[in-house]
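Understanding the architecture of this molecule
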Amino acid sequence: LVLAYLPQRAAASSTRRRYLARAVFALALAGIFFLLDLTKIFCFPQSWLQGHALWHLGGALAAGLLYQHYRTE
């Protein structure tokens, strides 16, 4: 995502940058949930809401936003 964001920072329209910035934010937030799960701070093995599941959902959201970014080209 960073490699896609840096060249687009100055040249892209604000709409395209918005998708990319949201993808970076989603992946960063997912990474935080992954680390919280890994360190057992946000770890509920018997619950349907788990940090590792949020990691996968955040990664999927970031991939979808990155697709939207490239679709606007």
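Fair warning: this is a prediction, and the values are worked out from it, not measured in the lab.

End to end, helix 3 (residues 51-71) covers 30 Å across 21 residues, agreeing with the expected 30 Å (1.5 Å per residue, within 8%). Every buried residue of helix 3 is accounted for by G51, L54, G58, A62, L65 and H69. The buried residues of helix 3 occupy an angular sector of 75 degrees when projected down its axis, which confines them to one face. The exposed set on the far side of helix 3, more than 90 degrees from its buried face, consists of L57, Y67 and R71.

Next up on the list: the environment of G59. Within the secondary structure layout, G59 lies in helix 3. Linking G59 and L29, residues 30 residues apart in sequence, is a C-alpha distance of 9.3 Å. With sequence-adjacent residues up to four places away left out, G59 is seen in contact with L27 and A30.

Turning our attention to the packing of aromatic side chains. For any pair of aromatic rings, the description consists of the separation of the ring centres together with the inter-plane angle of the planes. Counting across every chain of the model gives one aromatic pair. Both rings, one in F34 and one in W55, keep their centres 5.2 Å apart while their planes meet at 45 degrees; by these two values the pair is tilted. Of this pair, F34 sits in helix 2 (residues 14-38) while W55 sits in helix 3; the two residues are 21 residues apart in sequence, bridging distant segments of the chain. By relative accessible area, which is 29% here, W55 ends up partly exposed.

About the criteria used
Residues numbered from 1 in each chain as written. Predicted model: local features only at pLDDT ≥ 70, side-chain atom pairs only at ≥ 80, totals over all residues. Heavy atoms only, no water. Helix = DSSP H or I, 4+ residues; strand = E, 2+ residues; numbered from the N terminus. Expected span 1.5 Å × (residues − 1). Buried < 20%, exposed > 50% of the residue type's maximum accessible area, 1.4 Å probe, protein only. Arc of directions from axis to C-beta. Contact = heavy atoms within 4.5 Å. Phe/Tyr/Trp six-rings, centres within 6.5 Å; stacked < 30°, edge-to-face > 60°.

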